[in-house]
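Next come the chains, spelled out residue by residue.
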Amino acid sequence: MGQMGFELPEVDRKQTKEAVEGALERYRIYKFLSFEEREATITASYDDTPRSNTDVTSDQTAKIAIFNVDAQAARKAHIEQVERAVNRLPRMEKFLIMERYMTSEADYLTDQNVYNHKFNPPISQGKYDKIRWKAFYKLAFFMELVVVKKREDGGAS
């Protein structure tokens, strides 16, 4: 009986890393910054220009309500997607992602701070980079953020 071959696509590491970091940054923004709901203006405004009948009704309040609900739902869905994906990672990868990218202080942390002070015992930069890439690779697949390298002949590899 023959063995079936399966080949994973070659991933563009740089672009995939940027996509995952972008999703994690958006997570922090959505998680730690409050959402300012839009409000309808209630002050009447007068205009000297004559109105023409376009048979189009503008409902400012409904548009604003829809935006507020949709924006909140999109934020919540992204937060939940990232948290589900991170929770699927192995312990070391999950710890690294949570400590480096998912805290409110993440913008002020450096990779060096994480591998020297958050891991007990501290780990080397090389080991940190390997763990982070494995985590990013898995998160990219979990969240459908993988960027595949293009082949010379124009197709995806």
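Quick note: structure is the one above.
Note that the structure is predicted; figures quoted are calculated from it, not measured.

Reading guide: rules and limits
Residues numbered from 1 in each chain as written. Predicted model: local features only at pLDDT ≥ 70, side-chain atom pairs only at ≥ 80, totals over all residues. Heavy atoms only, no water. Salt bridge = Lys/Arg side-chain N within 4 Å of Asp/Glu carboxyl O. Helix = DSSP H or I, 4+ residues; strand = E, 2+ residues; numbered from the N terminus. Buried < 20%, exposed > 50% of the residue type's maximum accessible area, 1.4 Å probe, protein only. Phe/Tyr/Trp six-rings, centres within 6.5 Å; stacked < 30°, edge-to-face > 60°. Polar contact = N/O pair within 3.5 Å; in protein donor to acceptor, adjacent residues only side chain to side chain. Contact = heavy atoms within 4.5 Å. Axes fitted to C-alpha atoms, helices over the stretch in contact; angles between N-to-C directions. Parallel < 35°, antiparallel > 145°, perpendicular 65-115°, else oblique. Left-handed = near helix turned anticlockwise from the far one by under 90°. Nonpolar A, V, L, I, M, F, W, Y, C, P; charged D, E, K, R; others polar.

**Considerations on the pattern of salt bridges**
Point 1. Counted under the stated rule, the structure contains eleven salt bridges.
Point 2. One salt bridge in this structure joins E10 and K149, with 3.3 Å as the shortest N-O distance. Within this pair, whereas E10 is found in the segment before α1 (13-32), its partner K149 is found in the segment after α5 (125-142), the two being separated by 139 residues in sequence.
Point 3. In this structure E10 comes out as partly exposed when scored by relative accessible area, which is 45%.
Point 4. In this structure, K17 and E21 form a salt bridge, with 3.2 Å as the shortest nitrogen-oxygen distance.

**Re the environment of P9**
Point 1. Note that P9 resides in the segment before α1.
Point 2. Measuring from C-alpha to C-alpha, the distance between P9 and V148 comes to 6.4 Å, with 139 residues separating the pair along the chain.

**Looking at the packing of aromatic side chains**
Point 1. Considering all chains together, one arrives at five aromatic pairs under this definition.
Point 2. Between W133 and Y137, the aromatic rings sit 6.0 Å apart at their centres with planes inclined by 55°, giving tilted as the arrangement. Here the residue W133 and the residue Y137 both occupy positions in helix α5, the gap between them amounting to four residues, near one helical turn.
Point 3. What makes Y137 partly exposed here is its relative accessible area of 23%.
Point 4. Judged by centre distance (5.0 Å) and plane angle (65°), the rings of Y137 and F141 are edge-to-face. Taken together, the positions of Y137 and F141, both in helix α5 and four residues apart, correspond to about one turn of that helix.

**Quick word on the side chain of R100**
Point 1. Along the chain, the position of R100 falls in helix α3 (residues 91-101).
Point 2. Here R100 falls in the buried class, since its relative accessible area comes to 14%.
Point 3. Here the side chain of R100 touches A106 through a polar contact of 3.2 Å, landing on its backbone oxygen.
Point 4. Among the polar contacts made by the side chain of R100, one reaches the side chain of D111 at a distance of 2.8 Å.
Point 5. Not counting the four nearest positions on each side in its chain, R100 is found in contact with A106, L109, T110, D111, V114 and Y128.

**Points about the packing of α3 against helix α4 (residues 111-118)**
Point 1. As a packed pair, α3 and α4 sit with axes 10 Å apart at the nearest point and diverge in direction by 125°. Regarding the angle of α3 to α4, the classification is oblique. You can see that α3 and α4 cross each other, and the crossing is right-handed. Here F95, E99, R100 and Y101 of α3 come into contact with α4, specifically with D111, V114 and K118.
Point 2. For the contact of α3 with α4, the per-class residue count stands at three nonpolar, no polar and four charged.

Read these as layout, nothing more, since geometry by itself doesn't imply function.
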